[in-house]
Amino acid sequence: SRETGEELRNHPAQGEAQATQAVLTLLHARGCQLAAEILTLLENGFADGAIGRWRTLYEVGVVATLIAEWGPEAARRYIDHEAVETKVAFDEYVRCAPDLGEPPPSEAERMAVNANCDAMIAKYGKEFANSKGNGWASAFLANKHPSFRDLEEAAQRSSLRMYYKVASYN
């Protein structure tokens, strides 16, 4: 799998396909890392940890399936959605920092994060910033607030839902 990823990286796509290939390459690398973590956990007797990492690998696979199917626009939206995820994480940091004794972010940092997020929402619409973290996919589904279950169904993986849910419990 790593060799296949390397081969694709050494033969970059041209034109519109570049965005799709770039995202799929990132997701593939993440999948390889997760697979190595799963193997390490299993070899060392940590089956519960391995199943938790499998859950993440499954999520990556579902997203990769959809990016491959939906193409460059989905790839761009997926990458641009990082601005929303950054804002969510930033706001959580701001909320927790005082209790953790961490320094507050600067006003410049706050403005930059907000501006980046606002720019992406202006570009794609308010559903892009939905609270379920899958706003990047809203344009491709008949749902303005897609859940991960909606992504599974679109990727035709809903039959694996039971395994995914079981992976949440030891």
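What counts as what
Residues numbered from 1 in each chain as written. Predicted model: local features only at pLDDT ≥ 70, side-chain atom pairs only at ≥ 80, totals over all residues. Heavy atoms only, no water. Helix = DSSP H or I, 4+ residues; strand = E, 2+ residues; numbered from the N terminus. Buried < 20%, exposed > 50% of the residue type's maximum accessible area, 1.4 Å probe, protein only. Contact = heavy atoms within 4.5 Å. Axes fitted to C-alpha atoms, helices over the stretch in contact; angles between N-to-C directions. Parallel < 35°, antiparallel > 145°, perpendicular 65-115°, else oblique. Nonpolar A, V, L, I, M, F, W, Y, C, P; charged D, E, K, R; others polar. Phe/Tyr/Trp six-rings, centres within 6.5 Å; stacked < 30°, edge-to-face > 60°. Expected span 1.5 Å × (residues − 1). Bend = angle between axes of the 7 residues up to and from the residue. Patch = residues over 30% accessible without salt bridge, like charges linked within 9 Å, V, L, I, M, F, W, Y side chains within 5 Å. Areas by Shrake-Rupley, 256 points an atom, 1.4 Å probe, with all protein chains shown as cover. Salt bridge = Lys/Arg side-chain N within 4 Å of Asp/Glu carboxyl O.

Undergrad: Whenever I open this one, the overall build of the chain confuses me. Can you help?
TA: Scanning the chain from terminus to terminus reveals eight helices and zero strands. Shown N-terminal to C-terminal, the secondary structure of the chain runs as helices and strands in the order α-α-α-α-α-α-α-α. Oriented by its inertia axes, the alpha-carbon framework of the chain measures out at about 45 × 45 × 35 Å. The buried share among the 170 residues of the chain stands at 32%. Partitioning the intrachain contacts of the chain with sequence separation of at least 6 by distance along the chain shows that 61% fall at a separation of at least 24.

Undergrad: What is the right way to read the packing of helix α3 (residues 47–70) against helix α4 (residues 72–80) from this model?
TA: Helices that pack against each other are described as a pair by the angle of their axes relative to one another and the distance between those axes. It is at 6 Å that the axes of α3 and α4 come closest, and there the two elements cross at 135°. On the basis of the axis angle, α3 is oblique to α4. Of α4, the residues touching α3 (which contributes Val63, Ile67 and Trp70) are Pro72, Ala74, Ala75 and Tyr78. When grouped by side-chain class, the residues that make up the contact of α3 with α4 number seven nonpolar, no polar and no charged.

Undergrad: Looking at this structure, I do not really get the packing of aromatic side chains. What am I missing?
TA: Two measures describe an aromatic ring pair: the distance that separates the ring centres and the angle between the ring planes. With the rule as written, the count across this model stands at eight aromatic pairs. Consider the rings of Tyr58 and Tyr164, whose centres lie 5.3 Å apart with planes at 45°: the pair is tilted. Taken together, the positions of Tyr58 in helix α3 and Tyr164 in helix α8 (residues 161–166) put the pair 106 residues apart, joining distant regions of the chain. With respect to burial, Tyr58 and Tyr164 carry one shared label: buried. Between Tyr78 and Trp136 the ring centres are 5.3 Å apart and the planes differ by 90°, which places this aromatic pair in the edge-to-face class. Of the two residues, Tyr78 is situated in helix α4 and Trp136 in the loop between α6 (107–124) and α7 (148–154); the sequence distance between them amounts to 58 residues. Under the relative-accessibility criterion, Trp136 is labelled buried at 2%. Three or more aromatic residues joined by ring pairs form one cluster here, namely Trp54, Tyr58, Phe148 and Tyr164.

Undergrad: Hey, could you run me through the side chain of His81 in this one?
TA: For His81, the location among the structural elements is in the loop between α4 and α5 (82–100). For His81, the contacting residues outside a window of four places in its chain are Phe128, Gly133, Asn134, Gly135 and Trp136.

Undergrad: Mind showing me how you'd approach α5 here?
TA: Residues separated by three or four positions in an α-helix point in the same direction, a consequence of the helix having 3.6 residues per turn. If you check α5, its first and last C-alpha atoms are 25 Å apart, about what 19 residues at 1.5 Å a residue would give, namely 27 Å. Considering bend angle alone, the principal kink of α5 is centred on Val94 and spans about 30°; proline Pro98 follows within four residues of it. Every buried residue belonging to α5 is among Ala83, Val84, Lys87, Phe90 and Ala97, and all of these are buried. Looking at the packing, one finds that the buried side of α5 touches α4 and α6. Looking one or two places after α5, you find Gly101, whose phi comes out positive at around 75°.

Undergrad: Any chance you could explain a nonpolar patch on the surface here in plain terms?
TA: Together, Met162, Tyr163 and Val166 line one region of the surface with nonpolar side chains, adding up to about 330 Å² of accessible area. Using a relative accessible area of 48% as the deciding quantity, one classes Tyr163 as partly exposed.

Undergrad: Explain the pattern of salt bridges to me, please; I cannot follow it from the model alone.
TA: A side chain of one charge can pair with a side chain of the opposite charge when the charged atoms of the two come close. Summed over all chains, the structure comprises eight salt bridges. Residue Glu107 pairs with Arg110 through a salt bridge whose shortest N-O separation is 3.9 Å. Here the residue Glu107 and the residue Arg110 both occupy positions in helix α6, the gap between them amounting to three residues, near one helical turn. Measuring nitrogen to oxygen at the nearest pair gives 2.7 Å for the salt bridge that ties Glu152 to Arg161. Note on accessibility: Glu152 and Arg161 belong to one class, buried.

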